Amino acid sequence: MKSKGVVVVGSHVQGLFMSVSRFPGPDETVLGWDFKEAFDGGKGSHQAIACARLGLPTHFVGRIGQDRLGNIGASWMAEAGVDLSYLSRSKQTATGCGFIMINPDGIPAITTAMGANAEFSHEDIDLAESVFSQAKQVLITLEIPLSTALYAARLAKQHGAYTILTPGPAEPVPSNGFADVDLLVPNENEASTLLREPPNLQEPGWLAERLQESFGLKQVIVTLGAKGAYVANGDTTKALPAFKISAVDTPGAGDCFISGLAFGLYYGASLVDAATFGCLTAARSVSVPGSIPSFGTLAEIAEFAAVNRFEIPMVLRAVMDLTTTSTVKG
Ligand code: ADP
């Protein structure tokens, strides 16, 4: 029997990086250097690649342009083993891309053109219905129209899938907006924005509880960077510390956390064990330079855990032993 899949609904954005001695002002040109088309995507393509690297049967539903940057992004996902049958391609609009200027202090100034992501529509979701009907989990990211993201959650629930939504970048959402979301996973800033609170003021437990109350959610995980993650499941809560590791760069950590979390839940782990596995996959990602290059395979995660003497939840250790010897097929 075909195993049920993980569907990732979200963005692809190509990062274009350049170093500058200072940021230009209006009507000014500043010479830059070290231009790179980085191996760095959007939240959706990141989550899809990270899930596929863990061996999950992964499908990406999103929209890119019919252009060179789109071809590159699609090839990264295909190489990781992501099924792209429901990737739609705009004839008239370019693939999303971000211009990132880095100043000598390492501070970025960023402009992002969402391109084809902004055209990603209900119709694109409807065209992918057959893959939703085979989904065990549907992971939804923003950087696409909010209404498309919430429509995807509704279709996923109609087909009985478990839905996880990462609300980044956060934007105001009506109180019934997450009615079809089983698990909401914001970082601390996104949690504050959704609650219309100023950033960095409230404790994670307070944020998680208010999100549960305000949006009628049972399950919320607030990710806390180097402080770990806070898991709220109904009335049960648990603060999970991060795995202590020397971080070399953190972009993509949240997306990699989602892949480990999805892997755990896919194989029947509790929310806390799955989130612990998410912390582990994300800790490995912050210890390796780059975003996409830092998303580990199961064998790499097992080695990372062994070298650093990090404990893998028991229920997942058994699954890892099995799946590293026989690859999961979609
Ligand atoms: P985002 O990338 O969405 O802002 P976070 O910064 O909260 O998300 O990071 C997601 C997860 O990555 C955290 O819950 C944590 O488990 C892990 N993580 C992030 N930074 C570190 C770090 N410096 N050391 C160890 N783990 C980290």
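Residues numbered from 1 in each chain as written. Predicted model: local features only at pLDDT ≥ 70, side-chain atom pairs only at ≥ 80, totals over all residues. Heavy atoms only, no water.

**Quick word on the overall build of the protein**
Here is step 1: Broken down by element type, the protein carries eleven helices and 13 strands.
Here is step 2: Against the 2.2 N^0.38 benchmark of 20 Å for 330 residues, the protein shows a C-alpha radius of gyration of 19 Å, consistent with a compact globule.
Here is step 3: Considering only C-alpha atoms, the protein reaches an extent of 55 × 45 × 45 Å along its principal axes.
Here is step 4: In the protein, of all internal contacts separated by at least 6 residues, the share reaching a separation of at least 24 is 67%. (Helix = DSSP H or I, 4+ residues; strand = E, 2+ residues; numbered from the N terminus. Rg over C-alpha atoms; globule rule 2.2 N^0.38 Å. Contact = heavy atoms within 4.5 Å.)

**Remarks on the site of the ligand**
Here is step 1: Around the ligand, 15 residues are found, and the nearest of them are N187, T223, G225, G228 and G254.
Here is step 2: A distance of 3.4 Å is found between an oxygen atom of the ligand and a backbone nitrogen or oxygen belonging to L224.
Here is step 3: Contact with the protein chains covers 84% of the free accessible surface of the ligand, which is 550 Å².
Here is step 4: Every element with two or more residues in the shell around the ligand is listed here: α8 (253-266) and α9 (271-286).
Here is step 5: Grouping the constituent residues of the shell around the ligand by class yields ten nonpolar, five polar and no charged. (Near = heavy atom within 4 Å. Polar contact = N/O pair within 3.5 Å; in protein donor to acceptor, adjacent residues only side chain to side chain. Areas by Shrake-Rupley, 256 points an atom, 1.4 Å probe, with all protein chains shown as cover. Nonpolar A, V, L, I, M, F, W, Y, C, P; charged D, E, K, R; others polar.)

**Topic: the sheet that holds strand β3 (residues 32-37)**
Here is step 1: Strand order across the open sheet formed by four strands is β3-β2-β6-β7, with mixed pairing between neighbours. Where the open sheet ends on each side, the last strands, each with one partner, are β3 and β7 (108-113). When the angles between neighbouring strand axes are averaged without regard to direction, this sheet yields 15°.
Here is step 2: Sheet topology places strand β2 (residues 13-20) next to β3; four bridges connect them, and they run antiparallel. Following the sheet pairing, F17 is matched in β3 by K36. (Pairing = 2+ DSSP bridges. Axes fitted to C-alpha atoms, helices over the stretch in contact; angles between N-to-C directions.)

**Some points on the environment of L217**
Here is step 1: Structurally, the position occupied by L217 is in the loop between α7 (204-215) and β11 (219-223).
Here is step 2: Judged by its relative accessible area of 6%, L217 is buried.
Here is step 3: Separated by 39 residues in the primary sequence, L217 and F178 have C-alpha atoms spaced 7.4 Å apart.
Here is step 4: When sequence neighbours within four positions are dropped, the list of residues in contact with L217 reads F178, V181, L184, L211 and Q212. (Buried < 20%, exposed > 50% of the residue type's maximum accessible area, 1.4 Å probe, protein only.)

**Here's the deal with the state of the cysteines**
Here is step 1: Under the counting rule described, the total for this entry stands at zero disulfides.
Here is step 2: Among the cysteines around C256, which has no disulfide bond, C51 carries the closest sulfur, lying 9.2 Å off.
Here is step 3: Among the residues examined, C256 registers a relative accessible area of 2% and is labelled buried. (Disulfide = S-S within 2.5 Å.)

**Topic: the pairing of strand β5 (residues 87-90)**
Each regular strand shows side chains that alternate between the opposite faces of the sheet.
Here is step 1: Bridge count between strand β4 (residues 58-65) and β5: four bridges; the pairing is parallel. Across the sheet, R63 pairs through a bridge with S88, a residue of β5.
Here is step 2: With helix α2 (residues 68-80) bridging β4 and the parallel β5, this β-α-β connection has right-handed handedness. (Right-handed = clockwise from strand over helix to strand, strands pointing away.)

**With respect to the packing of α8 against α9**
Here is step 1: Packing of α8 against α9 brings their axes to within 7 Å, and their N-to-C directions diverge by 140°. The element α8 and its partner α9 pack so that their crossing is right-handed. Contacts between α8 and α9 involve A253, C256, F257, S259, G260, L261, F263, G264 and L265 from the first element and L271, A274, A275, F277, G278, C279, T281, A282, S285 and V286 from the second.
Here is step 2: In the contact of α8 with α9, the residues fall into 13 nonpolar, six polar and no charged. (Left-handed = near helix turned anticlockwise from the far one by under 90°.)

**Let's talk about the packing of aromatic side chains**
Here is step 1: Per the counting criterion, the structure on display carries seven aromatic pairs.
Here is step 2: Ring-pair connections join several aromatic residues into one group, and the members of that group are F263, Y266, Y267 and F277.
Here is step 3: One Lys or Arg, K136, reaches over the ring of Y266 and ends 4.7 Å from the middle of that ring. (Phe/Tyr/Trp six-rings, centres within 6.5 Å; stacked < 30°, edge-to-face > 60°. Lys NZ or Arg CZ within 6 Å of the ring centre and 35° of its normal.)

**Concerning the side chain of D255**
Here is step 1: Here D255 is to be found in helix α8.
Here is step 2: With relative accessibility at 4%, the residue D255 sits in the buried group.
Here is step 3: Residues contacting D255, with those up to four places away along its chain left out, are K43, H46, Q47 and A50.

**Concerning the pattern of salt bridges**
Here is step 1: Applying the stated criterion to the full structure yields eleven salt bridges.
Here is step 2: K157 serves as the salt-bridge partner of D182, at 2.7 Å between the closest nitrogen and oxygen. Pair noted here: D182 is in the loop between β9 (162-166) and β10 (183-184) and K157 is in helix α5 (residues 146-158), with a separation of 25 residues, a long-range link.
Here is step 3: One continuous salt-bridge network, built from bridges that share partners, spans R63, E119 and D124. (Salt bridge = Lys/Arg side-chain N within 4 Å of Asp/Glu carboxyl O.)

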